[in-house]
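Structural overview for review
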Amino acid sequence: MSEIIDEIEMTEIEQEVRSIEDLLATTLKIIKTDTMKDSTLKTYSRLLRKLYSAMKDHYAENFLFHKECPKEILFNPKDFMSWLEDKPYGVKLSERSLKNYLSLILSLVRNYKQDGEEFELAYDIYFQHFNTIKNSLNAEQEKQQPKEKEISLKGVSMDTLKSYMNHWEKKCKGQDNMDCYSAYMYALGHIHLDQVLRNELADMIMSDEYLPAVDNPKTNFIWNKGRNAKLLVIRQNKVRNPDRKDPPKEVWLKGKVNTAINKYIQILHRNDIFLDSPKPFCWGLKELKCVKQTSSNYSQNFRKLFAPYCLPISTTDLRKIYAMDVREKHGGNLIKEKEACEKLDHSKDTHDKHYILDFT
């Protein structure tokens, strides 16, 4: 008997999950536009899933009644904002989280313009809340205070980090060296120090041939054209999407970066690895072979890069160090700042608000 009850309860749970997922899929179709970035859609999807689950608990039957979209709930902005600003998930939302939710809600409400005055009233109230929070955040970001975990970045320069690569260079020296992991970290470090990437290397491919975009539209790879020539090609990342016809980023890797990659390939060859091409760039810690990694696993491993010097920094930390380095060296020169933004693949607004930390 208990098994039957368990089965019934599980069925109800599955149906509940499906109803939320169906609603989520329907809503994303409503708000999706051709100009919307994939990263924005992913963020909205994550926020919607959390929001709908919390709304379902709070509004109960009223929420489930509105299968297409909980329009009547959103069209009561005073009550909805009171709930959202309270503790919808058991804790009070930060201003930044509230701003993200309001951006999502504005996208939802915007689809009901045909409702006339009712739409305008709801939209205006949400927009006022959005602007109030946005202005508050902008005022704070004029001087971006470092978070507790970022305090250790004070005084760290790109030159200092480059000198720390000696640790990995020594570990993979020698004509008979077989240490794939140290060679991998040596190459990974020099690529990041040169190109200040996000986590694009996680699923990066190394290839002896150039991979045409026609057959590999979303493939990021390093073309090993020869001992003295390596081309980094990024076709898809947080800001580049081939579906939107965004151009790829192609950069020749020279000097120490090229040398480090050569050392990595050489040691892989000694271990009878990378004899065929193309092959994943990342060295798998458990698999003991070249494997694609998830962004999360890649981040965990990257933090080990400068850990011997008690600096478990992330790729984002490194990008901030680079941004602050450029500003300090060139005194905020607009040309140099623009070049830094292009290298970091983000806007000047993002650069100023999120990458320049104020340690005073």
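Remember, predicted model here, so these are calculated numbers, not experimental data. (Residues numbered from 1 in each chain as written. Predicted model: local features only at pLDDT ≥ 70, side-chain atom pairs only at ≥ 80, totals over all residues. Heavy atoms only, no water.)

Considering all chains together, one arrives at 2 cavities of 30 Å³ or more under this definition. Space inside the second largest cavity adds up to approximately 40 Å³. Val196, Leu197, Arg198, Glu200, Ile234, Asn237, Lys249, Arg319, Lys343, Leu344 and Asp345 together form the lining of the second largest cavity. Grouping the amino acids of the lining of the second largest cavity by side-chain chemistry returns 4 nonpolar, 1 polar and 6 charged. (1 Å grid on protein atoms, 1.4 Å probe; cavity = no way out; pocket = protein on both sides within 12 Å on 5 of 7 lines; lining within 4 Å. Points joined across faces, edges and corners; volume = space filled by probe spheres on them. Nonpolar A, V, L, I, M, F, W, Y, C, P; charged D, E, K, R; others polar.)

Next up on the list: a positive patch on the surface. Taken together, the side chains of Arg96, Lys147, Lys149 and Arg303 define a basic patch exposed on the protein surface. Take Arg303: it is sitting in the loop between helix 12 (295–302) and helix 13 (315–330). Classification of Arg303 by relative accessible area gives partly exposed; the value is 35%. (Patch = residues over 30% accessible without salt bridge, like charges linked within 9 Å, V, L, I, M, F, W, Y side chains within 5 Å. Areas by Shrake-Rupley, 256 points an atom, 1.4 Å probe, with all protein chains shown as cover. Salt bridge = Lys/Arg side-chain N within 4 Å of Asp/Glu carboxyl O. Lys, Arg positive; Asp, Glu negative; His and termini not counted. Charge placed at Lys NZ, Arg CZ, Asp CG, Glu CD. Helix = DSSP H or I, 4+ residues; strand = E, 2+ residues; numbered from the N terminus. Buried < 20%, exposed > 50% of the residue type's maximum accessible area, 1.4 Å probe, protein only.)

Of all hydrophobic cores here, the largest spans 56 residues; its most connected members are Leu161, Tyr184, Met206, Tyr264, Leu268 and Phe281. At the level of elements, helix 8 (158–163), helix 10 (180–195), strand 3 (229–234), helix 11 (255–270), helix 12, helix 13 and helix 14 (334–344) are the ones that each hand at least two residues to this core. Here this core takes 9 residues from helix 10, the largest share from any one element. Setting aside anything within four residues of it in sequence, one finds Leu161 in contact with Val156, Leu193, Phe306, Leu311, Ile313, Leu318 and Ile321. (Core = buried A, V, L, I, M, F, W, Y, C linked by side-chain atoms within 4.5 Å. Contact = heavy atoms within 4.5 Å.)

In this section: helix 5 (residues 77–85). Burial in helix 5 covers these residues: Pro77, Phe80, Met81, Trp83 and Leu84. Buried residues of helix 5 fall within an arc of 160° about the axis and therefore sit on the same side. (Arc of directions from axis to C-beta.)

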